[in-house]
Amino acid sequence: MPETSGAPKRRDSRSQPARPRRQSDTNRDAPLYGALDLGTNNCRLLIARPARDGFRVVDSFSRIVRLGEGLSRTGRLDEKAMDRAYDALAQCAERIARRGLKVDHLSAVATQACRAAENGAEFVERVRKGTGLKLRIIDPIEEARLSVAGCMNLIEQDAEAVLVIDVGGGSTELSWMRRTEQGLDTVAWTSAPLGVVTLAERHPEPPGSPTEWYEAMVADVTEAIAKGAPQDPEYHQLYTQGRAHMVGTSGAITSLAGIHLGLRRYQRDLVDGLWMTRADCEAAAQRLINLGPEGRAAESCIGPDRADLVLAGAAILEAVQRAWPCERVRVADRGLREGLLLTMMNSPSAPKKKRRRRRKRSRHGAKPTPAT
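The structure reproduced in this document is the subject of the present report. (Residues numbered from 1 in each chain as written. Predicted model: local features only at pLDDT ≥ 70, side-chain atom pairs only at ≥ 80, totals over all residues. Heavy atoms only, no water.)

Some remarks on unusual backbone geometry
For step 1, the next point in the chain: Of note, arginine 66 is a non-glycine position whose phi angle comes to about 50°, a positive value.
For step 2, the next point in the chain: Looking at the element boundaries, arginine 66 is found in the loop between strand 4 (54-64) and helix 1 (71-74).
For step 3, the next point in the chain: Classification of arginine 66 as buried rests on a relative accessible area of 17%. (Helix = DSSP H or I, 4+ residues; strand = E, 2+ residues; numbered from the N terminus. Buried < 20%, exposed > 50% of the residue type's maximum accessible area, 1.4 Å probe, protein only.)

Pasting the structure below:
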């Protein structure tokens, strides 16, 4: 398929999902909630208010910290990497304090880097003492569940099955689901210990033979994801027969979408919810291979911080698409943080917004009387 260039493609508005948006003046009395995700590569914060169609974003923060840099070689978090992550977390703590966010309305989690590192718990304690943030190290199954919750409204209502792919810095979570009369049930899930950082460290980009290098990453991922995949041939056929689709969430996949659209700058409203075919994904990956490290760094949707990681993400997605060969993947610029927010907001203990009681008005202009 030829590469996309020029103006971004317009999507059918009927297929666009409801998205978290900036808060409007109409919901300022709703309580604030915060979700903080410290991953292997990124530190990200969302602060939002509940709304009728989900929530409205009040404040956000994202920084590439590469907390897991070198972890696959040493088994420990590097001192400089911890300093980078600590500085980003300190800025998050300042934003949270400035907004007056209640402690019980904040969910702060750490994922694969802190899970796998010998000194992960020590770093979490350092953060607690220095910033007041209480990070909770979550296990892979909770990480997968939260990512699915954050992407739920990107799943087509008539899809018989769906595979949600959450590509992280240190691991990749895959959740296979099937539609039943009761809704979507999880068929299987797995957490492969390969993310964009760990895969890129295992396969440094060589000066030549980029195709062979890329295929080596795909083969590595293919082996890693096979262990936890469903073995039911009938379920597998739902994907090959076009009765299922994928949802891909990660910075690497959204960057791939930006390359596919030919964006001069990243635009979330064009990327989140975008449908890409398998051929689209392969063409975007090939373009990234052809660009080389310097060309990828110059792309505004990638930049120098992700230039050495984006192809690792493309290789992970391609390995999944080869193993589960369905035609369509929906791109999600959402995931774990959104899942954290929605889980808190939908909790039975969450405070509900009080509804104003309407007052009856006389047909003849008499004073209104309280509604009964």
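A word on the packing of helix 5 (residues 140-151) against helix 13 (residues 336-345)
For step 1, the next point in the chain: One can describe the packing of helix 5 onto helix 13 by two numbers: an axis separation of 7 Å at closest approach and a directional angle of 80°. In terms of orientation, helix 5 lies roughly perpendicular with respect to helix 13. Contact residues: Glu143, Arg145, Leu146, Ser147, Ala149 and Gly150 in helix 5; Leu336, Glu338, Gly339, Leu340, Leu342 and Thr343 in helix 13.
For step 2, the next point in the chain: Class assignment of the residues belonging to the contact of helix 5 with helix 13 gives a composition of 5 nonpolar, 4 polar and 3 charged. (Axes fitted to C-alpha atoms, helices over the stretch in contact; angles between N-to-C directions. Parallel < 35°, antiparallel > 145°, perpendicular 65-115°, else oblique. Contact = heavy atoms within 4.5 Å. Nonpolar A, V, L, I, M, F, W, Y, C, P; charged D, E, K, R; others polar.)

Comments concerning the pattern of salt bridges
For step 1, the next point in the chain: Overall, the coordinates contain 23 salt bridges when judged by the stated rule.
For step 2, the next point in the chain: Among the ionic pairs, arginine 44 bridges to aspartate 37, the shortest N-O distance being 3.2 Å.
For step 3, the next point in the chain: Residues aspartate 308 and arginine 66 are paired through a salt bridge, measuring 2.7 Å at the closest nitrogen-oxygen approach. One end of the pair, aspartate 308, is in the loop between helix 11 (278-298) and helix 12 (310-323); the other, arginine 66, is in the loop between strand 4 and helix 1, and 242 residues separate them in sequence.
For step 4, the next point in the chain: Here aspartate 308 falls in the partly exposed class, since its relative accessible area comes to 41%.
For step 5, the next point in the chain: Via salt bridges that share partners, Arg268, Asp272, Asp333 and Arg334 belong to a single interconnected network. (Salt bridge = Lys/Arg side-chain N within 4 Å of Asp/Glu carboxyl O.)

Topic: the sheet that holds strand 11 (residues 275-277)
For step 1, the next point in the chain: Read from one edge of the open sheet, 6 strands run 9-8-7-10-12-11, paired in mixed fashion. Among the strands making up the open sheet, the edge pair consists of strand 9 (183-192) and strand 11. Across this sheet, the average inter-strand angle for adjacent strands is 25°, counted without regard to direction.
For step 2, the next point in the chain: Examined bridge by bridge, strand 7 (residues 161-167) and strand 8 (residues 172-180) share 7 bridges and lie antiparallel to one another. The residue bridging aspartate 166 from the neighbouring strand is glutamate 173, located in strand 8.
For step 3, the next point in the chain: Against the sheet, helix 8 (residues 233-240) contacts strand 7, strand 8, strand 9 and strand 10 (244-249), and its axis sits at roughly 95° relative to strand 8.
For step 4, the next point in the chain: The strands touched by helix 11 within the sheet are strand 11 and strand 12 (328-332), with strand 11 carrying the most contacts at an inclination of about 80°. (Pairing = 2+ DSSP bridges.)

A look at the side chain of aspartate 220
For step 1, the next point in the chain: Within the element layout of this structure, aspartate 220 appears in helix 7 (residues 210-226).
For step 2, the next point in the chain: Exposure remark for aspartate 220: the relative accessible area of 14% places this residue in the buried category.
For step 3, the next point in the chain: Excluding residues within four positions of it along the chain, aspartate 220 makes contact with Leu194, Leu199, Arg202 and His203.

Examining the nonpolar core
For step 1, the next point in the chain: Membership of the largest hydrophobic core comes to 57 residues, with the highest contact counts inside it found for Leu163, Trp176, Tyr214 and Tyr239.
For step 2, the next point in the chain: Take this core: its biggest share by element is 9 residues, from helix 12.
For step 3, the next point in the chain: Setting aside anything within four residues of it in sequence, one finds tyrosine 239 in contact with Ala161, Val162, Leu163, Trp176, Met177, Ala244, His245, Trp324, Pro325 and Cys326. (Core = buried A, V, L, I, M, F, W, Y, C linked by side-chain atoms within 4.5 Å.)

Here's the deal with the packing of aromatic side chains
For step 1, the next point in the chain: Scanning all chains against the criterion turns up 4 aromatic pairs.
For step 2, the next point in the chain: Look at tryptophan 176 and tryptophan 324: their rings are 5.6 Å apart centre to centre, the planes differ by 50°, and that puts the pair in the tilted class. Residue tryptophan 176 is located in strand 8, and its partner tryptophan 324 is located in the loop between helix 12 and strand 12; the two are separated by 148 residues in the primary sequence.
For step 3, the next point in the chain: Looking at tryptophan 176, the relative accessible area reads 0%, which means it is buried.
For step 4, the next point in the chain: Relative accessible area serves as the criterion here: at 4%, tryptophan 324 is assigned to the buried category.
For step 5, the next point in the chain: Put simply, the rings of Trp176, Tyr235, Tyr239 and Trp324 pair up and form one aromatic cluster. (Phe/Tyr/Trp six-rings, centres within 6.5 Å; stacked < 30°, edge-to-face > 60°.)

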